[in-house]
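# Structural overview
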2 protein chains.
Amino acid sequence: MHRLQPLLDPASIAIVGASNNPARIGGMPIAHLTKFGYAGAIYPINPKYQEVFGLRCWPDIEALPAAPDLVVLAIAAPEVLPMLRRCAAKGVRAVIVYAAGFAEEGERGAALQAELAAYVASTDMVVAGPNAMGFANLNTQAHTNFASVFNTAPMQAGTGSVSLLTQSGNVCAAVYAIARRLGVAFSHFINTGNEACVDFAQYLEYLAQDEATDVCIGYIEELRDGARFIAAAEEFARRDKLLILYKAGETDKGSEAVRSHTSALAGDQAIYRAAFRQLDIIQSHDFVQMAQLAHLASYRRRRAGKRVAIITISGALGAILADKFIGAGLEVPTLPAELQQQLRAGIPDYGMVANPVDVTGNVVNDPGFVRTALEALATSDAVDTVVIYAPGYMLDRMAGDLCAVAAAHPRLFVAIDTGAAQSREQLRAGGVPVFEDIGVATAALAPFLLWQQQRQRNRWRALRHQAPPPATALPEVLDEHQCKAVLAASGVPAAPERRARSADEAVAAADALGYPVALKVLSPDIAHKTEAGGVRLHLADGAQVRAAFDQILASARAHAPQARLDGVLVAPMQSGVAELIVGATRDPVFGMALTVGLGGVLTELYQDVSHRLLPVDEAMAADMLAELKAYPLLTGYRGRPPADVDAACAAIAAFSRAVQALGRQVSEAEVNPLLIKASGQGAAMLDALLLAPAD
Amino acid sequence: MHRLQPLLDPASIAIVGASNNPARIGGMPIAHLTKFGYAGAIYPINPKYQEVFGLRCWPDIEALPAAPDLVVLAIAAPEVLPMLRRCAAKGVRAVIVYAAGFAEEGERGAALQAELAAYVASTDMVVAGPNAMGFANLNTQAHTNFASVFNTAPMQAGTGSVSLLTQSGNVCAAVYAIARRLGVAFSHFINTGNEACVDFAQYLEYLAQDEATDVCIGYIEELRDGARFIAAAEEFARRDKLLILYKAGETDKGSEAVRSHTSALAGDQAIYRAAFRQLDIIQSHDFVQMAQLAHLASYRRRRAGKRVAIITISGALGAILADKFIGAGLEVPTLPAELQQQLRAGIPDYGMVANPVDVTGNVVNDPGFVRTALEALATSDAVDTVVIYAPGYMLDRMAGDLCAVAAAHPRLFVAIDTGAAQSREQLRAGGVPVFEDIGVATAALAPFLLWQQQRQRNRWRALRHQAPPPATALPEVLDEHQCKAVLAASGVPAAPERRARSADEAVAAADALGYPVALKVLSPDIAHKTEAGGVRLHLADGAQVRAAFDQILASARAHAPQARLDGVLVAPMQSGVAELIVGATRDPVFGMALTVGLGGVLTELYQDVSHRLLPVDEAMAADMLAELKAYPLLTGYRGRPPADVDAACAAIAAFSRAVQALGRQVSEAEVNPLLIKASGQGAAMLDALLLAPAD
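Quick look at the structure, then.

Cut-offs applied
Residues numbered from 1 in each chain as written. Chains lettered and ligands numbered in written order. Predicted model: local features only at pLDDT ≥ 70, side-chain atom pairs only at ≥ 80, totals over all residues. Heavy atoms only, no water. Helix = DSSP H or I, 4+ residues; strand = E, 2+ residues; numbered from the N terminus. Buried < 20%, exposed > 50% of the residue type's maximum accessible area, 1.4 Å probe, protein only. Contact = heavy atoms within 4.5 Å. Areas by Shrake-Rupley, 256 points an atom, 1.4 Å probe, with all protein chains shown as cover. Lys, Arg positive; Asp, Glu negative; His and termini not counted. Charge placed at Lys NZ, Arg CZ, Asp CG, Glu CD. Least-squares fit on C-alpha atoms with pLDDT ≥ 70 in both. Salt bridge = Lys/Arg side-chain N within 4 Å of Asp/Glu carboxyl O. Phe/Tyr/Trp six-rings, centres within 6.5 Å; stacked < 30°, edge-to-face > 60°. Buried area = accessible area lost by both parts, 1.4 Å probe. Polar contact = N/O pair within 3.5 Å; in protein donor to acceptor, adjacent residues only side chain to side chain. Nonpolar A, V, L, I, M, F, W, Y, C, P; charged D, E, K, R; others polar. Pairing = 2+ DSSP bridges. Axes fitted to C-alpha atoms, helices over the stretch in contact; angles between N-to-C directions. Parallel < 35°, antiparallel > 145°, perpendicular 65-115°, else oblique. Core = buried A, V, L, I, M, F, W, Y, C linked by side-chain atoms within 4.5 Å. Left-handed = near helix turned anticlockwise from the far one by under 90°.

### Topic: the overall build of chain A
- Within chain A one finds 24 helices and 29 strands.
- Dimensions along the principal axes, computed over C-alpha positions, put chain A at roughly 100 × 80 × 40 Å.
- Put simply, chain A has 695 residues, and 59% of those count as buried.
- A separation of at least 24 residues holds for 71% of the contacts in chain A among residues at least 6 apart in sequence.
- Counting every atom, chain A has about 25800 Å² of accessible surface; 50% of that belongs to carbon and sulfur.
- Here chain A holds 58 positive side-chain charges and 70 negative ones, and the gap between their average locations is 2 Å.

### Some details on the relation of the copies chain A and chain B
- Rotating chain A by 180 degrees and moving it 0.0 Å along the rotation axis overlays it on chain B with an RMSD of 0.1 Å. One copy is carried onto the other by what is essentially a two-fold rotation axis.

### Here we look at the pattern of salt bridges
- Overall, the coordinates contain 64 salt bridges over all chains when judged by the stated rule.
- In this structure, B:Arg564 and B:Asp566 form a salt bridge, with 3.1 Å as the shortest nitrogen-oxygen distance.
- In this structure B:Asp566 comes out as buried when scored by relative accessible area, which is 6%.
- Three or more residues are tied together by salt bridges with common partners; here these are A:Glu480, A:Lys484, A:Glu497, A:Lys520, A:Lys529 and A:Asp687.

### Considering the packing of aromatic side chains
- Enumeration over the complete set of coordinates arrives at 29 aromatic pairs over all chains.
- Ring plane angle 40 degrees and centroid distance 5.1 Å describe the contact between A:Tyr176 and A:Phe186, whose orientation is recorded as tilted. With A:Tyr176 in helix α6 (residues 169-181) and A:Phe186 in strand β11 (residues 186-191), this residue pair connects regions lying 10 residues apart in the sequence. Each member of the pair, A:Tyr176 as well as A:Phe186, is classed as buried.
- The interplanar angle of 35 degrees and the centroid separation of 5.7 Å between the aromatic rings of B:Phe448 and B:Trp451 together place this pair among those described as tilted. Taken together, the residues B:Phe448 and B:Trp451, both in helix α17 (residues 438-456) and 3 residues apart, mark about one turn of the helix. With respect to burial, B:Phe448 and B:Trp451 carry one shared label: buried.

### Regarding the interface of chain A and chain B
- Opposite the 70 residues of chain A that make contact, chain B presents 70 residues.
- For the pairing of chain A and chain B, the buried interface totals around 5500 Å² over both sides, and the portion due to carbon and sulfur atoms is 61%.
- Where chain A meets chain B, there are 2 salt bridges.
- The residue A:Arg181 makes a salt bridge to B:Glu436 at a minimum N-O spacing of 3.7 Å.
- Where chain A packs against chain B, one counts 8 residue pairs in polar contact (both at pLDDT 80 or more).
- Looking at the side of chain A that touches chain B, the elements that each hand over two or more residues are α6, α9 (252-262), α11 (287-297), α12 (315-327), α17 (438-456) and α22 (601-605) of chain A.
- Counting residues per element, the side of chain A that touches chain B draws most heavily on α12(A), which supplies 10 residues.
- Residue classes in the side of chain A that touches chain B are distributed as 35 nonpolar, 19 polar and 16 charged.

### Some details on the sheet that holds strand β9 (residues 142-143) of chain A
Residues and elements named next belong to chain A.
- The mixed open sheet is built from 7 strands, whose spatial order is β9-β8-β11-β10-β12-β13-β14. Looking at strand neighbours, the two that pair on one side only are β9 and β14 (282-284), the edges of this open sheet.
- Of the pairings in the sheet, the one linking strand β12 (residues 215-220) to strand β13 (residues 242-247) comprises 6 bridges and is parallel in character. Along β13, the bridge assignment pairs Cys216 with Leu243.

### Section: the pairing of strand β15 (residues 308-312) of chain A
Residues and elements named next belong to chain A.
- Most of β15 is tucked away: 5 of the 5 residues are buried.
- Side chains Val308, Ile310 and Thr312 of β15 all project onto a buried face; the interleaved residues Ala309 and Ile311 project onto the opposite face, where all are buried too.
- Looking at chain direction, β15 and strand β17 (residues 385-389) are connected through 5 bridges and run parallel. The residue of β17 that forms the bridge with Val308 is Thr385.

### Regarding the packing of helix α13 (residues 337-344) of chain A against helix α14 (residues 367-379) of chain A
All names here are of chain A.
- Running from amino to carboxyl end, α13 crosses α14 at an angle of 170 degrees, the nearest separation of the two axes being 10 Å. Considering their axes alone, α13 and α14 lie roughly antiparallel with respect to each other. Of α14, the residues touching α13 (which contributes Leu339, Gln342 and Leu343) are Phe369, Ala373, Ala376 and Leu377.
- Within the contact of α13 with α14, the residues separate by chemical class into 6 nonpolar, 1 polar and no charged.

### Focus: the nonpolar core
- Counting 236 residues, the largest nonpolar core has A:Leu7, A:Leu84, A:Phe229, B:Leu7 and B:Phe229 as the members making the most contacts within it.
- Residues within four places of A:Leu7 in sequence aside, it is in contact with A:Leu70, A:Ala94, A:Val95, A:Ile96, A:Val126, A:Ala128, A:Phe135 and A:Tyr203.
- The next biggest cluster of nonpolar side chains, apart from the first, holds 200 residues, and it includes A:Val359, B:Val184, B:Val386 and B:Leu427.

### Focus on the side chain of B:Lys520
Residues and elements named next belong to chain B.
- Secondary-structure assignment places Lys520 in strand β21 (residues 517-521).
- Residue classification places Lys520 among the buried positions, given a relative accessible area of 14%.
- The residues contacting Lys520, other than those within four sequence positions of it, are Glu480, Lys484, Lys529, Gly534, Val535, Ile552, Gly567, Val568, Leu569, Leu686 and Asp687.

### Quick notes on the sheet that holds strand β19 (residues 434-435) of chain B
Residues and elements named next belong to chain B.
- Strand order in the open sheet formed by 5 strands is β16-β15-β17-β18-β19, and the pairing between neighbours is parallel. Among the strands making up the open sheet, the edge pair consists of β16 (357-358) and β19.
- Looking at chain direction, strand β18 (residues 412-416) and β19 are connected through 2 bridges and run parallel. Note that in β19 the partner of Ile416 across the bridge is Phe435.

### Considerations on the packing of helix α23 (residues 618-627) of chain B against helix α24 (residues 645-662) of chain B
Residues and elements named next belong to chain B.
- Where α23 contacts α24, the axes come no closer than 8 Å and their chain directions differ by 115 degrees. Both α23 and α24 take part in a crossing whose hand is right-handed. Taking contact as the criterion, the partners of Glu618, Ala621, Ala622 and Leu625 in α23 are, on α24, Val645, Ala648, Cys649, Ala650, Ile652, Ala653 and Arg657.

### Here we look at helix α11 (residues 287-297) of chain B
All names here are of chain B.
- Buried residues dominate α11, accounting for 10 of its 11 residues.
- Within α11, burial applies to Phe287, Val288, Gln289, Met290, Ala291, Gln292, Leu293, Ala294, Leu296 and Ala297.
- Taking the backbone nitrogen of Val288 as reference, a side-chain oxygen 3.0 Å away marks Asp286 as the first, capping residue of α11.

### Quick word on the side chain of B:His409
- Within the secondary structure layout, B:His409 lies in the loop between α15 (393-408) and β18.
- Note on B:His409: relative accessible area 16%, which makes it buried.

### A look at the pairing of strand β27 (residues 668-676) of chain A
Residues and elements named next belong to chain A.
- Note: strand β24 (residues 578-587) against β27, 7 bridges, orientation antiparallel. Of the residues in β27, the one forming a bridge with Val582 is Val671.
- By the bridge criterion, 4 bridges tie β27 to strand β29 (residues 688-691) in an arrangement that is antiparallel. Within the sheet, the bridge partner assigned to Glu668 lies in β29 and is Leu691.
- Sheet topology places β27 next to strand β28 (residues 683-685); 3 bridges connect them, and they run antiparallel. Bridged to Leu675 within β28 is Ala684.
- Connecting the antiparallel pair β27 and β28 is a turn made up of 6 residues, with Gly680 showing a positive phi of about 85 degrees.

See below:
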């Protein structure tokens, strides 16, 4: 049995601080339990009452005939810790703490929470919260919450398989209300509160193995245990379950509000985005979208992808759908000529067959054709998904054919009806999801279809479990030359350059490398070489090199008298097609993450960068480059020569291996610029930096 | 009486091709008219029937006792023109043509439509369509449509003031269905069909002066008469009516589909966006959003703007709202210390007062404080709009105070309730719009509040009616020197440069201007000077100038033997902080439009440009520059010197005047680059181009 089972699927429940008032936190869970028909034992505990909601009320926990699976503490913060001790003594396995007044409320609260966590760690109990709204198991009606949303949202008729897991009680209630309005049937309603003892990743772990959970929709403010989260998400993927997450703090202001709200630092959004993608998690940005994705999830075993065929009875709606889909990252490919011909057989001249396909209003009078057309689209290799727009009675007339084709073929068909079709439930049951609005349909379909596409080619989860490269020792002196040497050892392409400790050595190096050359000061203590007067470019002969050597050392000494100076680096001047910045930084949640972008000030202004968690191989590096808006600069934009993209990808993958091999010895690594030469001519790191952790 | 009144507000209606079958296009309008209680005379016309829907049926139009205001032609395309002649003879004032088979259906249809248009132009009749679904006046129940949506969408109880105007019948029906689901009450339901005789702008003109119309929501594929559209939109603004438009063709594929659908070329999206903004039109991208904007429109006389105070009972929801609002372009400013102090008086320590304000769940127990807090926010100068998130009963408890504060203060308060508050209608009636979802609320509020903000400072409508600059003659020879001279005459800052027809003249010019200089070939026939070997930079003395002059002329002659060569332009080398591209092109719908961006290849890849219809003054130019993502490059980014933004704005405004003064003589004008020097040092056009229209 999983450790969290008594919390989330309890066989008996006691409520300490029980009340007869259904509006109070000690009354509401008992009201829910009795009203919704929880079959397990319920033990209200309060010395003031004989009976609560028609149930026998017990004076104290010690009086109970047996230890309940789960105790709900509807009592104030100062009373919590003493009561936990009594629960432990009684043999209770799980406790939920409602009380606020812990880490969210300043230093004193944080100390109280630390005390609670330390005590619980010394017991066998599992304790949820504090500052939590409690749970609901909608399949057993085990309500351990004071969420009034269960009084107003319509209760589902049967069992559900969508679990809701949030780091905020109010968000849990809001998403539940919206999703119930849209017909989502739930298994678990979970909000984690302050996570003193059980964090988000542990609940996720439970849901991954929970038979009742097929899909999880979640809301995250901050993850406390990135590694455990990654493992749980991988378990979801392994079991072919779907994880849909909303991450708060998309803007600075949002992050600020989250921070003051949970006293937690919201992690870097871009890294969360990368992690979600690498873990086959669908990232959502809206509550309605989450609910719609949960609905779509039940159709996820159908074959689908981002190339969409649009079938409409209206050219205008076809155009609008194409706009929306393409704007959301999907494709609406022109259909092959043969397929167009097949369709043309049943479509009048003023209809369209290229995609969007406008079958025109007349088509409903020719049901045989509808069937033929749908069959043709179900079996074409040119598209992955078929979306049908037909309002009201028009959809009704096609519904039978749609269901028949969906039954015969695994391809995903989706219907959009802005009217009031009678056939919606027939279609849904027949394997065809139905949306009643174009915007809502797009917001759910686009991430769903892109997820279908991406998970098929997700290399990272396999890559992650390959043996890591052998560990490399970090050199003691981290000057440019040493940093480059470490990276080059893992295969990052080095430029042909030499260290020189005297003017004579510099001239000899330049003679050997060929002119013109550049000289750069070598010092582990000078980060900004140009500002220190430590860089001289385009040196044409030995005399210039000699003069430059002396000037550089003089400037560097004047600029940083205490700096250790190890001479200069001599390198031939090189030019290429583009310069990349390739860096790795340690994310506090997810560990080392890789960033790739084109160098330069505009890249920064346009935030045109791509991120991935390590490790990254050549194919992932190619994806990263292709994601950049400036990518065309590498592929022969406007008469420029195409760049050696393969060499760039190899260099990025080598950089990933180098950073992995260095492990915890570095907190930051960067090659900037990585020069990408013309196609077939390779790449070269022109500058590099490794930083050891500050402490 | 307006010319279109018999079409849109007819006192009597005849239906040619009347049918007893409510599913047929000749039966549905009569079914609607009788079912919904149209009070005017209804004349079914069909020789086959004595009676239709209980009404006397007439054998032909000639038999009618009087000429009806409006005749609906539910007959096929070939029969339309003969019937129009009979309508004209009878004295009919308006006709709606349902029939397809005109311009949308190839050449023969186009010829038929041209014939129809020519005939109608020779009469006094106003003819809608062809290929239209017909109209509905929801205040008189004059249904002249075959839209089945009126059978399924709930009919509004009272009168409405929102008019729906679309270029597609199916879109008209789809938006109507969605908006009715959301409770929008309509005045007119109009779709324009092929617009053979009456185009979108003419309907808009009608709605601008229509007493029953307060708000128009519309859908455009392509405008046929931009000037008339601008005038109608201005009339909307003048009368303080609101125009909300969806423009199709947001992506290439969408444009393509629209094109094949209406045989019309979709205009440039960016220019439509600029025009809508300059005309105080809210641009929508979604049907639900349109409906929500129509709802919000009724609150538009409240004081509102983009600085939003967020009041929540949940820190998490506050963070989410702040994220959404900021992501959509609104501001969530930190509240002034004094206001924070006032709020803190009633908010527990773990709540937030900075904005978002988290009053916490406890606040509902202290209604006095809610009132005080809302009053303080209603009168603060630090915010423009107040959004309250409180689910269900929490909102109910605040509703009375909200209504009281809204009654006492003009500021816009908006409520979001993801629960099931009982007080929604009370709030709406009390001046507080209520949304039931955060995403939907943001999608409607953001454009609405930005519109409120922008229309207050919209200078364009006034600017447009100022006297234009006196006309300028276009020089006969359009070489760089002449183009610059014309632009400089309107005040675009010229660089100190001279024309030279011989090497001697070039040296003399360089001596006078000061070295180093640049030489550029002068020819009206060479557009790409660099490629022709026609540019030499960094010339340091007279000898270099002399040599360069000869080389340039030789290269140019070799590159373009037929080109007219007028010598070279000699200019001192100049450097600045940034280079802009400033151009004007003639949009087929809206006329001359101005584009501003930073020069260079990345600007193009990132599509970082700003557009406006002419004229543009200094303040509008400043807005255009500030819209650029690369704008920080002009204001001292990362240690760069700040650029002379004032000089850039003056140059852009002067360019606008120059293009206006040239009028129809040019189809395109460009200064590229416009060099912007450091603050206080001005700007200079380094190159310029004017193109006369091709024909």
